[in-house]
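Read off the chains here:
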Amino acid sequence: CDAAKQSLGDTCCYNYPDNPCMLCRSETEFLDLRALEEIDVDPESMTCFDLSKRLGPEENDSQMCTSAQKEHWDSCCYDQCTLCEGKGIKWWNEVEYEGEPLNCGEVDAMLYADETEVGTENCTEIVSSFNRDCCYDYPTTPCDVCTKENGERHTLMPNEEVDYEESTFTCAE
């Protein structure tokens, strides 16, 4: 076994890079990937997701990685619009979007599914319409109903329904 390790180790084994290549990450930006976007990578056509996977074993500062980033950054990478940037989302709150009832989590998921970019009219309109009803500032000292005054922690039962302040919630909410 030791002889096999010695002679075959470099050929058969892979050592993960310390700083793996990510197609949509540079030293100053970390953007989202348009996974299904079709691109040409000589001599073949592939999705941005496939290229990103192919680049994963490379170091982020390698020639292969930086070349791919330069060539495909604009077509594969985008700044994702989020409903509550830097804030918490009231996932359970129900709002009306284009005449349909949706909860805030569904509105946020829709932004991701549609690959809505920051700064677009659609992003600005949705965020300004639902920010007040869907978003909240994180508390400086959050309330954890399962931590008792003596510091003892109990297990949260997330699906249990409770009535609180004239509304029904699950314990996770």
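Our subject is the structure listed above.
The rules behind each value
- Residues numbered from 1 in each chain as written.
- Predicted model: local features only at pLDDT ≥ 70, side-chain atom pairs only at ≥ 80, totals over all residues.
- Heavy atoms only, no water.
- Helix = DSSP H or I, 4+ residues; strand = E, 2+ residues; numbered from the N terminus.
- Buried < 20%, exposed > 50% of the residue type's maximum accessible area, 1.4 Å probe, protein only.
- Contact = heavy atoms within 4.5 Å.
- Axes fitted to C-alpha atoms, helices over the stretch in contact; angles between N-to-C directions.
- Parallel < 35°, antiparallel > 145°, perpendicular 65-115°, else oblique.
- Left-handed = near helix turned anticlockwise from the far one by under 90°.
- Nonpolar A, V, L, I, M, F, W, Y, C, P; charged D, E, K, R; others polar.
- Core = buried A, V, L, I, M, F, W, Y, C linked by side-chain atoms within 4.5 Å.
- Arc of directions from axis to C-beta.
- Phe/Tyr/Trp six-rings, centres within 6.5 Å; stacked < 30°, edge-to-face > 60°.
- Pairing = 2+ DSSP bridges.

Engineer: Sorry if this is basic, but what is going on with the overall build of the chain here?
Structural biologist: If you tally the helices and strands in the chain, you get five helices and ten strands. Along the three orthogonal principal directions, the C-alpha set of the chain runs to about 70 × 50 × 25 Å. The buried share of the chain, taken over its 173 residues, is 28%. If you take every contact in the chain between residues at least 6 apart in sequence, the share linking residues at least 24 apart comes to 59%.

Engineer: Explanation requested: the packing of helix H2 (residues 48-55) against helix H3 (residues 63-76) in the structure shown.
Structural biologist: Across the interface, H2 lies against H3 with an axial gap of 11 Å and an inter-helix angle of 160°. Taken together, the axis directions place H2 and H3 in an arrangement best described as roughly antiparallel. In this structure, H2 crosses over H3, and the sense of that crossing is left-handed. Here H2 contributes Cys 48, Leu 51 and Leu 55 to the contact with H3, which in turn contributes Met 64, Cys 65, Ala 68, His 72, Ser 75 and Cys 76. Within the contact of H2 with H3, the residues separate by chemical class into seven nonpolar, two polar and no charged.

Engineer: Help me out: how do you make sense of the environment of Arg 132 in this one?
Structural biologist: Inspection of the secondary structure puts Arg 132 in helix H5 (residues 121-134). It is 9.5 Å that separates the C-alpha atoms of Arg 132 and Cys 84, two residues lying 48 residues apart in sequence.

Engineer: I would appreciate a short explanation of the nonpolar core in the present structure.
Structural biologist: Soluble, globular proteins show a tendency: their nonpolar side chains are buried together. With 16 residues, the main nonpolar core has Leu 83, Val 107, Ile 126, Phe 130 and Cys 134 as its most contacted residues. Secondary structure elements with two or more residues in this core: strand E6 (94-97), helix H4 (104-113) and H5. In terms of nonpolar packing, the next biggest core, distinct from the first, is built from 15 residues, Cys 21, Cys 24, Cys 48 and Trp 73 among them.

Engineer: I'm lost on the packing of H4 against H5 in this one. Help?
Structural biologist: For any two helices packed against each other, one specifies the inter-axial angle together with the distance between the axes. Where H4 meets H5, the closest approach of the two axes is 11 Å, and the angle between their N-to-C directions is 150°. Considered as vectors, H4 and H5 are oriented roughly antiparallel to each other. The element H4 and its partner H5 pack so that their crossing is left-handed. Only Ile 126, Phe 130, Asp 133 and Cys 134 of H5 make contact with H4, whose side of the interface consists of Cys 104, Val 107, Met 110 and Leu 111.

Engineer: For this particular structure, what's the right way to read H2?
Structural biologist: An α-helical turn contains 3.6 residues, so a residue and the one three or four places further along point in the same direction. Where H2 is concerned, the buried positions are Cys 48, Leu 51, Ser 52 and Leu 55. Buried residues along H2 cover an arc of 100° about the axis, so they all sit on one side. On its buried side, H2 packs onto strand E1 (32-33), strand E2 (38-41), strand E3 (44-47) and H3.

Engineer: Whenever I open this one, the packing of aromatic side chains confuses me. Can you help?
Structural biologist: Both the distance between ring centres and the angle between the ring planes are used here to describe each pair of aromatic rings. Overall, the coordinates contain three aromatic pairs when judged by the stated rule. Between Trp 92 and Phe 169 the ring centres are 6.4 Å apart and the planes differ by 90°, which places this aromatic pair in the edge-to-face class. With a gap of 77 residues between them, Trp 92 in the loop between strand E5 (88-89) and E6 and Phe 169 in strand E10 (residues 167-170) connect regions that are remote in the sequence. The class of Trp 92 is partly exposed, set by a relative accessible area of 31%.

Engineer: Would you explain the pairing of E2 in this entry?
Structural biologist: Along a regular strand, successive side chains alternate from one face of the sheet to the other. Going residue by residue along E2, you find Ile 39 and Val 41 tucked away on one face and Glu 38 and Asp 40 left uncovered on the opposite face. Note that E2 and E3 share four bridges and pair antiparallel. By the bridge assignment for E3, Ile 39 is matched with Met 46. Adjacent in sequence and paired antiparallel, E2 and E3 are bridged by two residues.

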